[in-house]
Amino acid sequence: MSSEPVEVSNVFDTILILDFGSQYSHLITRRLRECHVYAEMLPCTQKISELSWKPKGVILSGSPYSVYADDAPHVDPAVFDLGVPILGICYGLQEIAWTHNNRAGVTASSEREYGHATIHVHEQENPLFAGIDNFQVWMSHGDKLSALPNGFSIAASTDNSPYAAISNVEQQIWGIQFHPEVSHTTKGTQLLENFAVKICGASTNWNMKNFIGTEIERIRQLVGPHAEVIGAVSGGVDSTVAAKLLNEAIGDRFHAILVDNGVMRLNEVETVHKTLTAGLGINLTVVDASEEFLNNLKDVSDPEKKRKIIGNTFIRVFEREAAKITPKAGDEIEFLLQGTLYPDVIESISFKGPSQTIKTHHNVGGLLDDMKLKLIEPLRELFKDEVRELGELMGIPHDLVWRHPFPGPGIAIRILGPVSPPQIEIARKADYIFIEEIRKAGLYDKISQAFACLLPVKSVGVMGDQRTYEQVIALRAIETKDFMTADWFEFDYQFLKTVSRRIVNEVRGVARVVYDVTSKPPATVEWE
Ligand SMILES: Nc1ncnc2c1ncn2[C@@H]1O[C@H](COP(=O)(O)OP(=O)(O)OP(=O)(O)O)[C@@H](O)[C@H]1O
Ligand SMILES: O=c1[nH]c(=O)c2[nH+]cn([C@@H]3O[C@H](COP(=O)(O)O)[C@@H](O)[C@H]3O)c2[nH]1
Ligand SMILES: NC(=O)CC[C@H](N)C(=O)O
Ligand SMILES: [Mg+2]
């Protein structure tokens, strides 16, 4: 057995996607994985000689740049010597033309093309178009090829783009001007599958069942026979699935820690504790740090300050708990488990430069520098829906797998203004009723995330002939695929009536209930 941990790309045939910064790059990865082909995205600056695995094929993504601009990113020329098929999408096509045409043959077009177009396939026998006839594609470009590079032929065109698809079958290079990864391109997924499977010969064995076995083996190799691992576990799906993998791999050499930060939902700590220990056999310690969190949060209203305080307090509590554990071999814990998902990785490797900080997500990863712990991130290659599938396969209860995400700072960022025990009680009760009614109505799995928010304004009401002057609860329920954009959920009025009546009647301190009808953007999911 080698001492180097095996990478996922060494185990599964992998299509390498080189990202030039298009807003759709990650969708290429998604589509291929939907076809059960493993795909990984790396920045376009990746040096091929520094890859520790050999891809079965390479896809060059789109980009906001123009290939002829001075500051345009260019692919490592070694890509063309790999001896594997290459597909360029939009900018990727232009990059192929540019590099195969002595840095010429791409110009700004007088007619920019955004939106739908109909493709006419000229080369029916071209394997990229196997089983695909004329179809609708989605275009988004301002540059165009002005000449066909040597050795290439035109495989398809649109009325506007004579070079909508070009190929050099001998050199195994394809380029397309449209975007197959977006859903508006009707046969896009089929085209990507043709490339990966028919042209590159990648096997279609990427599924969570195969992943479990290789991942557990990978963790065992990484940790070795004696070292012990610590991990923060919230009861959310990511950390639970990660913990379950560790538990399967190394049993009770994995120490899970659940921190009660005083701003969890009603009954949450007890429920999570029961599910993880009795239900899943995870070695879990619950640390009640609620007083410490609430003391630190006292009189703080600013959302960013709340997030920082909670993040820092998590770290302190976690460090303290880690120090209490004495491993059976060696004198300290060597590894830290993190539930990092692929979207987090994509965000950090994407070729876009730093994006503006909208809000600071609390981050347990801040522990690293101080603790000198080595990281274990078993979900680093997975999208959320893959994590959920994995969870189901590993026997994690359906309700936990499909739980709405719950932010680490908890209801502290759902109480606008200072966080105090009476305010927590109001927010908790209202949230509980809202979620209970959503479940009763059979809507829980249709909604991506729902919660109640306590607003720091008072309004006048009348109850039992008495004047009331109490706070407002705002309900939020959204539908989204990736939490980057979201729409508010369309409840029927009767449902809203029921929830509103119950909250005002059952929760002391609330005089009014409103429903948030703002999408993201311009709003965010959480109110703080
Ligand atoms: N109360 C908590 N105790 C211990 N760790 C926590 C707690 N809350 C959050 N964490 C840590 O912060 C990480 C990030 O939280 P996040 O909410 O993104 O993931 P999750 O809770 O595992 O899943 P989900 O996104 O479904 O809620 C968790 O994976 C966990 O490691
Ligand atoms: O673990 C977390 N720590 C945080 O600090 C945090 N802030 C927001 N969220 C969750 O992220 C998703 C997008 O939320 P926003 O639109 O409010 O940024 C939604 O699912 C939010 O609940 C967090 N999760
Ligand atoms: N979507 C793209 O890749 C666009 C490529 C290039 N920026 C153009 O406008 O043509
Ligand atoms: Mg969570």
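Quantities reported herein were computed from a predicted structural model and do not represent experimental measurements.

Peer 1: Account for the packing of helix H6 (residues 237-250) against helix H12 (residues 384-393), with residues named and values stated.
Peer 2: Relative orientation of the contacting elements H6 and H12 amounts to 50°, with a least axis distance of 10 Å. What the angle tells us is that H6 and H12 run oblique. At the point where H6 passes H12, the crossing takes the left-handed sense. Contacts between H6 and H12 involve Val237, Asp238, Val241 and Leu245 from the first element and Lys384, Val387, Arg388, Leu390 and Gly391 from the second.

Peer 1: Can you break down the pairing of strand E2 (residues 38-43) residue by residue, with the values?
Peer 2: Burial analysis of E2 places six of its six residues in the buried class, which makes it a mostly covered element. Relative to E2, strand E1 (residues 14-19) runs parallel, the two being bridged by six bridges. Paired with leucine 16 across the bridge in E2 is glutamate 40. The parallel pair E1 and E2, bridged by helix H2 (residues 25-34), forms a crossover whose chirality is right-handed.

Peer 1: How would you summarise the sheet that holds strand E14 (residues 374-376) if you had to cite specific residues and measurements?
Peer 2: Pairing in this open sheet of five strands is parallel, and the strands run E12-E11-E10-E13-E14 from one edge to the other. The two strands at the open ends of the sheet, each matched to only one other strand, are strand E12 (284-288) and E14. Pairwise comparison of adjacent strand axes, ignoring direction, gives a mean angle of 30° for this sheet. Taken together, the three bridges between strand E13 (residues 335-337) and E14 define a ladder with parallel strand orientation. Residue phenylalanine 335 lies in a different strand from E14, and its bridge partner there is lysine 374.

Peer 1: Describe in detail the sheet that holds strand E3 (residues 57-60), supporting the description with residues and values.
Peer 2: Within the open sheet, the nine strands sit side by side as E2-E1-E3-E4-E9-E8-E7-E5-E6. Their pairing is mixed. What marks the edges here is a single partner per strand, and that holds for E2 and strand E6 (135-145). Across the sheet, the mean angle from the axis of one strand to that of its neighbour is 25°, orientation sign disregarded. Sheet analysis places E1 next to E3, joined by four bridges and oriented parallel. Bridge pairing in E3 links leucine 18 to leucine 60. Running over the sheet, helix H3 (residues 91-99) touches E3, strand E4 (86-89), strand E5 (106-121), E6, strand E8 (165-168) and strand E9 (173-176) and is turned about 115° from E4. Against the sheet, helix H4 (residues 188-199) engages E1, E3, E4, E6 and E9, with an angle of about 165° to E4.

Peer 1: Requested: an account of the site of ligand 1, with residues and values cited.
Peer 2: In the vicinity of ligand 1 lie 18 residues, with Ala232, Ser234, Ser239, Val259 and Phe406 positioned nearest. Between ligand 1 and valine 237 there is a distance of 3.3 Å, counted from an oxygen atom to a backbone nitrogen or oxygen. Within the contact set of ligand 1, an oxygen atom lies 3.4 Å away from a side-chain nitrogen or oxygen of aspartate 238. Considered on its own, ligand 1 offers 580 Å² of accessible surface; in the complex 84% of this is hidden by protein. Secondary structure elements with two or more residues in the shell around ligand 1: H6 and strand E11 (254-260). Looking at the shell around ligand 1 residue by residue, the classes come out as eleven nonpolar, five polar and two charged.

Parameters at a glance
- Along each chain, residues carry numbers from 1 onward, in the same order as the chain's sequence is written.
- To label them, take the chains in the order written and letter them from A, then take the ligands in the order written and number them from 1.
- The model is predicted, so local features are restricted to residues of pLDDT at least 70 and side-chain atom pairs to those at 80 or more, both for listing and for counting; the totals for chains, interfaces and linings are taken over all residues.
- Side-chain descriptors were evaluated using all non-hydrogen atoms of the structure, hydrogens and water having been removed beforehand.
- Fitted lines through C-alpha atoms give the axes, limited to the stretch in contact for helices. The angle between two N-to-C directions lies from 0 to 180 degrees.
- The secondary structure listing takes helices from DSSP runs of H or I that are at least 4 residues long and strands from runs of E that are at least 2 residues long, numbered from the N terminus.
- Angle categories: roughly parallel below 35 degrees, roughly antiparallel above 145, roughly perpendicular from 65 to 115, and oblique for all the rest.
- Working rule for handedness: look at the near helix, and if it is turned counterclockwise from the far one by less than a right angle, call the crossing left-handed; if clockwise, right-handed.
- What makes two residues a contact is simply this: any of their non-hydrogen atoms within 4.5 Å.
- Exposure categories follow from relative accessible area, calculated using a 1.4 Å probe and restricted to protein chains: below 20% of the type maximum is buried, above 50% is exposed, and the middle band is partly exposed.
- Two strands pair if DSSP finds at least two bridges between them.
- When the strands point away from the viewer, a crossover counts as right-handed if the route from the first strand across the helix to the second turns clockwise.
- For this purpose, a residue is taken to be near a molecule or strand whenever a single non-hydrogen atom of the residue falls within 4 Å of it.
- The definition of a polar contact used here is a pair of N or O atoms within 3.5 Å, where within protein one atom must be able to donate a hydrogen and the other to accept one, and adjacent residues in sequence count solely through side-chain atom pairs.
- Note that accessible areas follow from Shrake-Rupley with a 1.4 Å probe, and for residues the cover is restricted to the protein chains shown.
- Side-chain classes are defined by residue name, with Ala, Val, Leu, Ile, Met, Phe, Trp, Tyr, Cys and Pro counting as nonpolar, Asp, Glu, Lys and Arg as charged, and the others, Gly among them, as polar.

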